[in-house]
Amino acid sequence: MDGGNQTRISDFLLLGISESPEQQQVLFWMFLSMYLVTVVGNVLIILAISFDPRLHTPMYFFLANLSFTDLFFVTNTIPKMLVNLQSQNKAISYAGCLTQLYFLVSLVTLDNLILATMAYDRYVAICRPLHYVTAMSPALCILLLTLCWSLSLLYGLTLTLFMTKVTFCGSQKIHYIFCEMYVLLRLACSNTQIIHIVLITTGIFIFLTPFGFMMISYIRIVRTILQIPSASSKYKAFSTCASHLAVVSLFYGTLCMVYLQPLQSYSMKDSVATVMYAVVTPMMNPFIYSLRNKDMHGALGRLLLGKAFQKREKERERERERES
């Protein structure tokens, strides 16, 4: 790669998906709504898990961290995008662009690693239930989360440092909503072959290895569930994994569409896929994890409705006792 003076460009212009004023207004209100829904949903998940002792388990510990990651993720990109949609000045500094890129890469990686850790938690809970308490001890959970954060921040730093060696001397215009890796590489006038090779090889390790681990975990989980004689027990075991599988499918589906391809083939349809994993997935996660989860329903009810919800719960318990 050419190690020339990358400061030849002092800033970039984030033009967004469309330059039409009418479409920009539509995009502004759409992304503002999605951002508010994402913030409220993930904050409620974090608060419900934090204040409800019944949810102080490894599964919900990792879920709270996933919600925090998603919250940080959208805050890294959407506020600047909203300002650009309403402002005539769409500039972002070179340093600001690389900072946004650093957190984008780090947080996508962290999401990926936390999802893998959650798959391991489900594997132990279903396949080795008698060893769950010792196998998923608080110390191990903290250690796993620390490793996830450390690897993610290191990976983000590595790719960002590679980007500092890329020379930008052509167009400053980014027809996109934030500083995304492939979009920046398309603007480079230096040789980007090495960094593209690094992207592919490290991506295979940092993303496909955890994905393969998740697939192996779920193959074993399915085998164990099929051996359960009771149909109701089978359903209960599978329901604890269904939400995680839905999130994994959404996350990896959009991610593979964008990054597992040659740089030259990157196009606007991939920009839409990037919006999916950068905006839609963090927004959907709280709904996916709470819609069919009775424990989360109860925690959210106690958090939002307080004593009224607790009183209703006690009345329902009394009715069940009478019926039995």
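Notes on the structure follow. (Residues numbered from 1 in each chain as written. Predicted model: local features only at pLDDT ≥ 70, side-chain atom pairs only at ≥ 80, totals over all residues. Heavy atoms only, no water.)

## Some details on the pattern of salt bridges
Under the criterion given, the structure shown has two salt bridges. Among the salt bridges present, the one from Arg302 reaches Asp52, with a minimum N-O distance of 2.6 Å. Of this pair, Arg302 sits in helix H10 (residues 294-305) while Asp52 sits in the loop between helix H1 (21-51) and helix H2 (58-86), placing them 250 residues apart in sequence. For the pair shown, Arg302 and Asp52 are each scored as buried. In this structure, Arg122 engages Asp121 in a salt bridge whose closest nitrogen and oxygen atoms are separated by 2.8 Å. The buried category is assigned to Arg122, whose relative accessible area is 9%. For Asp121, a relative accessible area of 0% puts it in the buried group. (Salt bridge = Lys/Arg side-chain N within 4 Å of Asp/Glu carboxyl O. Helix = DSSP H or I, 4+ residues; strand = E, 2+ residues; numbered from the N terminus. Buried < 20%, exposed > 50% of the residue type's maximum accessible area, 1.4 Å probe, protein only.)

## Focus on the environment of His196
One can find His196 in helix H7 (residues 193-226). For His196, a relative accessible area of 15% gives the class buried. In this structure, the C-alpha to C-alpha distance between His196 and Met181, residues 15 residues apart in sequence, is 9.9 Å.

## So, the layout of surface pockets
Of the pockets and cavities examined, the largest pocket occupies roughly 680 Å³. Lys236, Ser239, Thr240, Asn293 and Asp295 are the residues nearest the centre of the largest pocket, which is lined by 24 residues in total. Those elements that provide at least two residues to the lining of the largest pocket are H2, helix H3 (94-127), helix H8 (231-259) and H10. Counting residues per element, the lining of the largest pocket draws most heavily on H8, which supplies eight residues. Residue classes in the lining of the largest pocket are distributed as eleven nonpolar, seven polar and six charged. (1 Å grid on protein atoms, 1.4 Å probe; cavity = no way out; pocket = protein on both sides within 12 Å on 5 of 7 lines; lining within 4 Å. Points joined across faces, edges and corners; volume = space filled by probe spheres on them. Nonpolar A, V, L, I, M, F, W, Y, C, P; charged D, E, K, R; others polar.)

## Topic: the state of the cysteines
Taken as a whole and judged by the stated rule, the model has one disulfide. One disulfide bridge connects Cys97 with Cys179, the sulfur atoms lying 2.0 Å from each other. Here Cys97 and Cys179 share a disulfide; its torsion about the S-S bond, -120 degrees, makes the bridge left-handed. Here the residue Cys97 occupies a position in helix H3, and Cys179 occupies one in the loop between strand E3 (173-174) and helix H6 (181-187), the gap between them amounting to 82 residues. Grouping residues by exposure puts Cys97 and Cys179 together as buried. Left unpaired, Cys127 is separated from the closest cysteine sulfur, that of Cys241, by 8.5 Å. (Disulfide = S-S within 2.5 Å.)

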